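Examining the three-dimensional arrangement
Here are the chains, one letter per residue:
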Amino acid sequence: MGRMERINNQVKREIGKIIQRELGDPRLQFVTITEADVSRDLHNARIRFSVLGETSAVQAAKKGLESARGMIRKLLGKSMNMRHTPELFFIYDQSIEMSARIEETLKEIHDEHEKHPTGY
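If you're wondering where the values come from, they're calculated on a predicted model, not measured in any experiment. (Residues numbered from 1 in each chain as written. Predicted model: local features only at pLDDT ≥ 70, side-chain atom pairs only at ≥ 80, totals over all residues. Heavy atoms only, no water.)

1. Some details on the overall build of the protein chain
Threshold: Only DSSP runs of H or I reaching four residues or more are called helices, and only runs of E reaching two or more are called strands; each is numbered from the N terminus. Just to be clear, the radius of gyration here is over C-alpha atoms, and the globule rule we use is 2.2 Å times residues to the power 0.38. Burial status follows relative accessibility: with a 1.4 Å probe on protein chains alone, a residue under 20% of its type maximum counts as buried, one over 50% as exposed, and anything between as partly exposed. Note on definitions: a residue-residue contact is assigned when non-hydrogen atoms from the two residues lie within 4.5 Å. We get accessible surface area from the Shrake-Rupley algorithm with a probe of 1.4 Å; when it comes to residues, only the shown protein chains can shield them. Charge counting treats Lys and Arg as positive and Asp and Glu as negative, with His and both chain ends excluded. The location of each charge is read from NZ of Lys, CZ of Arg, CG of Asp or CD of Glu.
Across its full length, the protein chain carries 3 helices and 3 strands. Each helix and strand of the protein chain, placed in order from N terminus to C terminus, yields the pattern α-β-β-α-β-α. A globule of 120 residues ought to have a C-alpha radius of gyration of about 14 Å, yet the protein chain, at 19 Å, is considerably larger. Based on the C-alpha atoms only, the size of the protein chain along its principal axes is roughly 65 × 35 × 20 Å. Looking at the protein chain as a whole, 30% of its 120 residues are labelled buried. Long-range pairs, those at least 24 residues apart, make up 59% of the contacts in the protein chain between residues at least 6 apart in sequence. Of the roughly 8400 Å² that the protein chain leaves accessible, carbon and sulfur atoms contribute 51%. Placing the 20 positive and 18 negative side-chain charges of the protein chain at their respective mean positions leaves the two points 11 Å apart.

2. Some remarks on the layout of surface pockets
Put simply, the rule reads: Put simply, the grid is 1 Å and covers the protein atoms alone, a cavity is a trapped set of points that fit a 1.4 Å probe, a pocket is an open set with protein on both sides within 12 Å along at least five of seven lines, and lining residues have an atom within 4 Å of a point. Grid points are joined across faces, edges and corners, and a volume is the space filled by probe spheres set on the points. Each residue receives one of three labels: charged for Asp, Glu, Lys and Arg, nonpolar for Ala, Val, Leu, Ile, Met, Phe, Trp, Tyr, Cys and Pro, and polar for the others, Gly being one of them.
Empty space within the largest pocket amounts to approximately 230 Å³. Lining the largest pocket are 13 residues, with Val51, Gly53, Val58, Tyr92 and Glu97 positioned closest to its centre. For the lining of the largest pocket, the secondary-structure elements that each account for two or more residues are β2 (44-51), α2 (55-79) and α3 (95-115). If you tally residues by element for the lining of the largest pocket, the top one is α3, at 3 residues. Taken together, the residues of the lining of the largest pocket break down into 6 nonpolar, 4 polar and 3 charged.

3. Section: the pairing of β2
The test is simple: Pairing between strands requires that DSSP locate at least two bridges from one strand to the other. Handedness of a crossover is defined as follows: with both strands directed away from the viewer, a clockwise route from the first strand across the helix to the second makes it right-handed.
Across 7 bridges, the pairing between strand β1 (residues 31-38) and β2 is antiparallel. Directly across from Thr32, in β2, lies its bridge partner Ser50. Between β1 and the antiparallel strand that follows it, β2, lie 5 residues; Leu42 among them carries a positive phi value of about 65°. The parallel pair β2 and strand β3 (residues 87-92) is bridged by α2, and the resulting crossover is right-handed.

4. Considerations on the pairing of β3
Two elements, β2 and β3, share 6 bridges in a ladder whose sense is parallel. Looking at the pairing, Ala45 lines up with Leu88 of β3.

5. A look at the environment of Leu28
Mapped onto the elements of the fold, Leu28 is located in the loop between α1 (3-22) and β1. Placed 23 residues apart in sequence, Leu28 and Val51 show a C-alpha to C-alpha distance of 8.4 Å.

The following block contains the structure:
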């Protein structure tokens, strides 16, 4: 595992802990950090997150993360021994939602095939 991969994993883990343990914002209750991508110069980090719930929950979580960005960055700096704490940019990760949609479609196709096994 390379240096950047270790940093990305640690940032992901630490931000997840901060959101769950340090922040009391109810908008962040069902937020999961799915990926952290820290730039090589350690100045910026794209943090991908997912949320359990509907579109309104996603918007609320995005607003909660944006309002807590400074506090998350400060706590991240305290928990990690880095020369520079990266600026955080939160991005909604649609991959989980898309994979659930694909799985549902495949299930529908399978069920339809079970009803009509000989074809069309």
